[in-house]
Each structure stands twice: as structure tokens, then as C-alpha cells.
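# Architecture and fold: a report
Chain by chain, the residues:
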Amino acid sequence: MSQVKLQESIVTSSRPAAAGQSAANASKKARQSRKGFYASGLYASRATSGVSSRKSGEEKGVWSKYPRLPNDQGGEDTPKPLLEDDKKVSYDTKETPSELASQSQSSQLQQTRVHGDRGSDRGSVDQLHWTEMKTLRDQMESPLTEADLEADVDIEISETDTIWLLDIKPKLVNPETDGDLAELIKQRNEAYKALLADKVGNDKYVAREMNTLEATKMTKPCQTDEIGRSEFGNTASGWDMFDSFQAQLEKEKADRFEKKTDEELAKEAEQQQGDDPLEDNRRPLEPTSKSPAFVGRQSTTPSVLDSEFGTVRESVAMTAEEQAQLDAILTSPKLKQTLFIIERAVVQNNSQNLLATYRHLPIIELDKTGDSEAEASQALLVRQKSGASLSPHLAYLWRYSCPAVKGQAVTCMVWNKQNKDILAVSYGKHEYEPEMKNGLVCCWSVKNIQQPERVFRTKSGVTALSWSTQFSYLLAAGLFDGHVLIFDVRTGSQEPVFDSYLSPGRHFGPVRQLEWVRKEAGKHEETQEVLVSASSDGRVIQWSIRKGFEFKELMKLKRVTTVLPGPSQKQKQQKADALISRQASGSSMAFNPNDKNVYLVGTEDGNLHKCSCSYNEQYLESYFGHSSPVYSVKWSPFLTDVFISCAADWTINLWQADRTRPVTTMGSSTKSINSLSWSPKSSCIFACVNDGQLEVWNMAHSTLDPIITEPTDEDTGRYTHVLFSDNSDSLLVGDAQGNVQVFKLENMPSAPKNQAEALDRVIQLALKTELNASQTA
Amino acid sequence: AEVEETFKRILSHKGVIGAIIVSYDGIPIRSSFAENDVTVQYCALIQQLAQKAKSAVRDLDPGNDLTFLRIRSKKNEIMVAPSPDYLLLVVQEPNDQP
């Protein structure tokens, strides 16, 4: 750091050596100026130190003020700086004295200012300096005279400023703390001293001058072609990088793929199986290798795509290749899937309110008619009230119907075990008809109430259906001609996965009931699910799907003489001996939900039998109470040993497993009761349908009358099947015209806290009244 | 054929104004709109929007992907099902009656 200090010194001549000629001139004026003007000058130092100091003064601030040289005329001849930024100053030397005086005044003022703030206001110092430089130039042009050369020159000598060229502070080492370092340094110092002493006369050291040659330079022009430049930009979003990595991974997999054996591949393929049976989410096995990315497929330039796809090409002459590509798109299975989903969405839009009601969601008014929820709920309330006043009733929601099923009677309805929105409905006939129509099985979904999502056609009417629990996509259908088919609803193909056409153990009569049962197998087998079918030919057959479609006969239903109380019992028994066949025909079946080995079979004679899978000759128990075919028997979901049955004799009987007589008999009309279903929510409520109406009974309330009756009208035909919905308070009713109507139950009594107890109470009450009745009788 | 059948069925639902199937490079393959300029307009605009939506979804989580896009406006609803090969869009006027 070299600091330059301003000094007070009187300067009379301080011209840089380069301008030697006018030095005399300057000095003359300086002498005269001694009267008045003194200037503190750096330039004094300049003169003494000669050329070198000038050269070193490359810093700013070194060129500060030039001493003021007033001339004879009273003006000023101070040299002006080379660079002018004071516009007022003019180059004309022949100025009037007054102007020069004013200049001097201004410069004096500037100088005084500089005096005032030393070193701080560098800018103004510079300015002053430049102004002075101009004056210097002017000086040079005035002619010299002989007299000037002879004149005396006064030279003032003063000390220059100290200019520090190098300042290295000494490093201090404390020998006590850094003992080793101090030692080292001392040694070094000694060595150096020795070296210095040595150096003087030593041969190792030779003083030599060197001159570096400055290579002469030559510029040579040359010409090249224009260097082409192009810019390329790219953005990679996060998912773009992800896609690239995935592609790389997949490529690696593909390489390993080839090295694997077939078995391993098969294993892997099995593992990737979708869950939802109807939504076919299986990915295509080979990655699509189509070229440019669409909507951000595996592409490297997603941002560029925006501009590309913004313009839709006019379909001018398309090449055959492109056409083929487009056709391929149209036939792709993915497109089918997408259309499927969009159709659901479209239909859902239309039936928003109904679905909301079904799912117990608040209804939102979607429309243009202003504000919304208040109105809609109002409308619903109105609808509710317009029905019965706060008593339980049914609100009609929608119906499942399509042209394909018109005219066929609904024979069975079952919800999918896993996905409670999927309903399988079978169409056919219960009774024999001379011309057998083809049967149908349709899979409907709550999400699309207009169109069945799967349709399977069968050769004859379907009379029984059941979904598998283990494989939720397998649907078993029992036909009127005795066959049992198993469909896979994921693919929707018309061919059943299994069928009993070739099986020797198939039924010869219509299959009345099907049920999938999970069996606990022996030690070395896992629990597998078997299909059990009961048919009018009197046999109960168990089908297994593990290897092919195997059957095993579980039971042959034998006719059992009904033991009914009454006077002419003996006579009846004798008559019963002369039977046409000893075989009874099963008309319904139900497996005990708790004990999978035990099941009930209802026969066309009206008897119910409890059977076990382990015994195939004898019944465990027989129940007598009906006098006509038992169309449906169902175990209670809440009490393990209570079941209910309905028959063509206009009655519904409630049974307890250890009593051979019914606990109570219910009936309200003179029509045969075709179907019945327990409510999943309340233990005392069930629904049944007869030809003319739908009835919902609440046994806790009354066993004499149903709480809701919904008569059918002409165009719906007679009701054939009823089913409660598991996940919503709704009831589904199928009729002989092929419609399935969905009703919402409203104002139903809430479920009792202890369901089992409630039902038990009902039973006890019934038994008590019966006891009373028999006692009084 | 099944595709055609489903397509026609969708169009027959209540409230549906039209439906378009667009290929990956922006050519409408099937369109139920009579005027070509309407079709072209829908194609271009909806494709860009679907692209943007897909980009957004994937930026948030690269393992995720856009499956369905629904735009509800005052007068109608546009449902878009994007896919690597094509884009399917249906315009429907929503109402409450099935």
C-alpha cells in the first residue's frame, strides 16, 4: 500500500520533465505569483523525483492538483488536465483577462474545497486535475523567448511522500509455545546467514545479466467459413426423468427375461391379477412402441409437444399406413375399456340424484336453477312426505332393464362378494315351457344403471346363480337343463371357464340353488372353495374346480314321510308308502354360515332337511311345516340356528334348528311366495315377494302383517325375486318381465342394539303364544 | 364393432351433446359433431389441456398418471379419458333425469 499524502509546499515550478521547454516560462510566472498565490503541490514532488514518480502515479488521486501558475496579465496559466469535463473551460488561449481571472477564481475555489476535505472527495480532485491539464497544453503552445532561457529558476526541494512498494509484516514466533517452529526458524536464519556470507566469493553463484528477447509479432489475417451455430434447448420435467429410468429398468428386465425359464414366467404372470372383476385393468404385456409421445408419453421433449399438438392437422390425403394405425387404435382393447368408463360417467351424470340416494349421500342440485342444496333436500323431503307419513315405505329409485332381457323372468339375483356394487341377475324360467328360450346372465353395476356391463348367453334358462368368495370374478350359473357353468367376468367372454356338459355327474333336473362353500380340507390341502348345487333331480352335488371340473355327490334326497299332527295320521302314512319314487326333489338349499359342513335342503314336498357333508345317506334333522315346494330357505345372519323358509303354500315359516316344528308361521296373502331375503342390517326384518306384491316384514313389530307392502302393477308383471342390498338401505325386486327395480327403504325402524337378542325375544314370544294356544286348545 | 356399438350407445344417452375419439397426433378418428371446425377446435384445445393436466399430475408424483379429466362448466361437462394412443372426449349437458 502506498499512501500518498498531500503536503503543504510551495511550488514555483513543477512541470513534468516532458514539458521541459515551458519550464522556464512557468518559473517566471511562478516568481511573480509569489506575491499572492500559493498552492500545495504534489507536483513539487513530481519535479524532484523526475520521470519515475510520474510513471508510478498511475493511481487516481496521485494526479491531484497541479500548482497554480498565474501569468503576467493577472490571469492563470496553470496547465489544464488532458481530459476535460468542465465544459465552461475553453481552449482559446487568447482569452480576456477577466475571463481568465474568473477561471482562476473558480479553480481557486475548487482548490480550497480540496483543501477542505483532503482525500475524501476524489472526484472533484480529478476534475481539478483535468482542468489543469488543459491549461498545461495551452502553455506548451506559447512561444519561448531567449530571455526565458536566461532567467533564474527557483527550485524548491521538498521531501517526497513515502511510497510503500512492499510491506511484509514480520511473523512472530514465540519460542516458548512453538518451540519446534522457533527452532526451525532459527536454523533457517542461521543457514541463510551462512549462505549470504558464502555467497560473496563463492563459485556456485555467478552474477549474470539476462535479456529477454521480445519476439516480434506479426498479425496474419485468415479467413474461415462461417462457423455454424445452432441452439438447442430442452426441458426435462420430473416425470420425464422418471420415465427414462423406467424405460432403462424395463430394458434390463427384458434382458433378464430371455434368460428365465418358462416356469418362472408363469409364476410371475399369475401374481399379477387384478381385483375388480369388471374393470379389466390388466396391462398389455409388451410395451407399446409407437413413436411420438402423446399427452406426455415416454418422450424427451414434452414441452415441444405443446406447440406440435396445438395444431391439428387437416385430414388431407392420409397414407395407408396412417390409416392402418388409426384403425388399430379403434380396435384396441384399451379403447373399449375407456369407452366403458366414460359411459359409466355419462350415465352417472344423468342419474346423480338417484345414486346419491342409494349411497346415502346428500343430494346436490347440479343444474342451472340457482341455489342448490336447500332446494334439493326440500324436494326430497317433499317426496318423502308425500308418501306415507313417517311410516316405513319404499321410494322407487331406478330399474335395471334392457331390451335383451325383456320378456324373460328374473330368476335369481346375487351381489358380488367382493365388490358390492356389482349385481348378477339371471333370466330364465322356473317352469317348464315347450319352447325353451335362451337364458341370460347379466352383470349390472350400480355405476351404470342403463346398460349391463356383462352379458352371457346360455342355451337354456338360468335358474340359479352364485358368486365365488375365493375368486371374486367367478360366477356360477345353474341352468334349467341341469348344467352348471362357471363364467369369468373379467374377460367377459361368452365361453364359460368350466361347464358340466361332459361331466357324468351332472344334474338331470333344473338346478335350483347354487352355493360356493369354503371347505376346510385335510392336512396337506389348503382351504379351497367348492360349488354345491341342489337340483330337482334330488341330488346335491359338490363340484371342485381344482383340476378340471370334478364332482362329488353329497346327498341323494330321499322322500321322508311328513310327520304331521292330526287324527288321520296313520292313514296318511299308509298312503304315503305308495310313492312313485323315493327321490325327493330339492328346491332350495342353504349352507349354515357358521358351520360349513351343515346345510339345509328344502324339497318340493315341503320338507326341510338338515344335512351334513360328511353323511350322504341320512339327514341330521327334518323339519315339517310346509305343504308345498319350499322355494327359499335362508339362515339368519344374526342368530346361528334360526332360519326362515317360504313356500308355495302362501306361508313363511320361522324355524329354530332344534325344533322340528316352525316357531311361527306368517302369511298375508293367498299367493305363493317366491323368494325371501333377510335384511343385513336388522335381525327381525326380512322381505318376501309373492306373485302380486312385495312385502317387508318386521317380526319385532308384528308377525301378522308386513310393515310395507308394495303391490305390483300390470306392466311390471309378477315379482319373482327379492334381494336386500348390503351396503345401502335398498331393496331389489326382480319381476317376470325382466326388470329389476331398486327401491330405497325409508323410515325403517332402526336396528336393535343387540340383534341376536331381539330375534331371540321374538322367538320366545312366539313359542310362548303357541304354548298358550296349545294349552288352551 | 363393439367399440362402435358402445360409442353409439354413449351418444344416445340423455344430455350427451357429442363425443370424439382423437388419435395421438391430433387427428379426430371418430366424431359425432357435424361441423368439422367444432371437432377440430375441441381436439386442439382439449388435447393441450389434457397434456397440461397430465404434466401436473406427474410432476407431483412421477409414479402417478392421469386417468380421467372432467371439466364442469356452467352449460355442460366435458369428460376426457386420455391414453398414450388416443384421447376420448364426451360433452354432456348435465341434468338430473336418467
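Residues numbered from 1 in each chain as written. Chains lettered and ligands numbered in written order. Predicted model: local features only at pLDDT ≥ 70, side-chain atom pairs only at ≥ 80, totals over all residues. Heavy atoms only, no water.

You'll find chain B entered in an unreviewed UniProt entry as Roadblock/LAMTOR2 domain-containing protein, with Macrostomum lignano given as the organism. Quoted verbatim from the Subcellular location (unreviewed entry) heading of the UniProt record, the comment on chain B is "Cytoplasm, Cytoskeleton". (UniProt positions renumbered as here; feature names shortened; annotations may be inferred.)

An unreviewed UniProt entry lists chain A under the name Dynein axonemal intermediate chain 4, from Macrostomum lignano.

## Focus: the overall build of chain A
Along its length, chain A carries 16 helices and 28 strands. Residues counted as buried form 43% of the 777 residues belonging to chain A. Considering only residue pairs separated by 6 or more positions, chain A has 57% of its internal contacts joining residues 24 or more positions apart. On chain A, roughly 44400 Å² of surface is accessible, and the fraction owed to carbon and sulfur atoms is 52%. (Helix = DSSP H or I, 4+ residues; strand = E, 2+ residues; numbered from the N terminus. Buried < 20%, exposed > 50% of the residue type's maximum accessible area, 1.4 Å probe, protein only. Contact = heavy atoms within 4.5 Å. Areas by Shrake-Rupley, 256 points an atom, 1.4 Å probe, with all protein chains shown as cover.)

## Some details on the nonpolar core
Where a protein is soluble and globular, its nonpolar side chains tend to be buried together. Residue and element names in this part refer to chain A. In this structure, L465, W467, L475, I486 and L531 are the most contacted members of the largest nonpolar core, which totals 31 residues. It is strand 7 (residues 474-479) that contributes the most residues to this core, 5 residues altogether. Judged by nonpolar contacts, the second largest core, of 24 residues, contains C442, V446, I449 and V740. (Core = buried A, V, L, I, M, F, W, Y, C linked by side-chain atoms within 4.5 Å.)

## Topic: the sheet that holds strand 22 (residues 673-678) of chain A
Backbone hydrogen bonds hold the strands of a sheet together, and the pairing may be parallel or antiparallel. Residues and elements named next belong to chain A. Strand order in the open sheet made by the 4 strands is 22-23-24-25, with antiparallel pairing throughout. Both outer strands of the open sheet, strand 22 and strand 25 (708-711), are each paired with one neighbouring strand and no more. This sheet shows a mean twist of 15 degrees between the axes of neighbouring strands, independent of strand direction. In this structure, strand 24 (residues 693-698) lies alongside strand 25, joined through 4 bridges in antiparallel fashion. Bridge assignment links V696 to a residue of strand 25, and that residue is I708. (Pairing = 2+ DSSP bridges. Axes fitted to C-alpha atoms, helices over the stretch in contact; angles between N-to-C directions.)

## Some words on the environment of A:D488
Residues and elements named next belong to chain A. For D488, the position within the fold is in strand 8 (residues 484-488). Residue D488 is classed as buried on the basis of its relative accessible area, which comes to 12%. Residues D488 and S472, 16 residues apart in the sequence, show an inter-C-alpha distance of 9.2 Å. Look past the residues within four positions of D488 in its chain and what remains in contact with it is F456, Y473, L474 and V497. Here R490 takes part through its backbone nitrogen, which lies 2.9 Å from a polar atom of the side chain of D488. (Polar contact = N/O pair within 3.5 Å; in protein donor to acceptor, adjacent residues only side chain to side chain.)

## So, the pattern of salt bridges
For the coordinates displayed, the defined rule picks out 14 salt bridges over all chains. The residue B:R58 makes a salt bridge to A:D243 at a minimum N-O spacing of 2.6 Å. Within this pair, whereas B:R58 is found in helix 2 (residues 36-60), its partner A:D243 is found in helix 8 (residues 238-259), the two belonging to separate chains. A salt bridge links A:R761 to A:E757, with the nearest nitrogen and oxygen atoms 3.7 Å apart. Note that A:R761 and A:E757 are positioned in helix 16 (residues 755-776) at a spacing of 4 residues, about one turn of the helix. Exposure remark for A:R761: the relative accessible area of 54% places this residue in the exposed category. On the basis of relative accessible area, A:E757 is assigned to the partly exposed category, the value being 43%. Look at the salt bridges and you will find they share partners, linking A:E343, B:E5 and B:R9 into a network. (Salt bridge = Lys/Arg side-chain N within 4 Å of Asp/Glu carboxyl O.)

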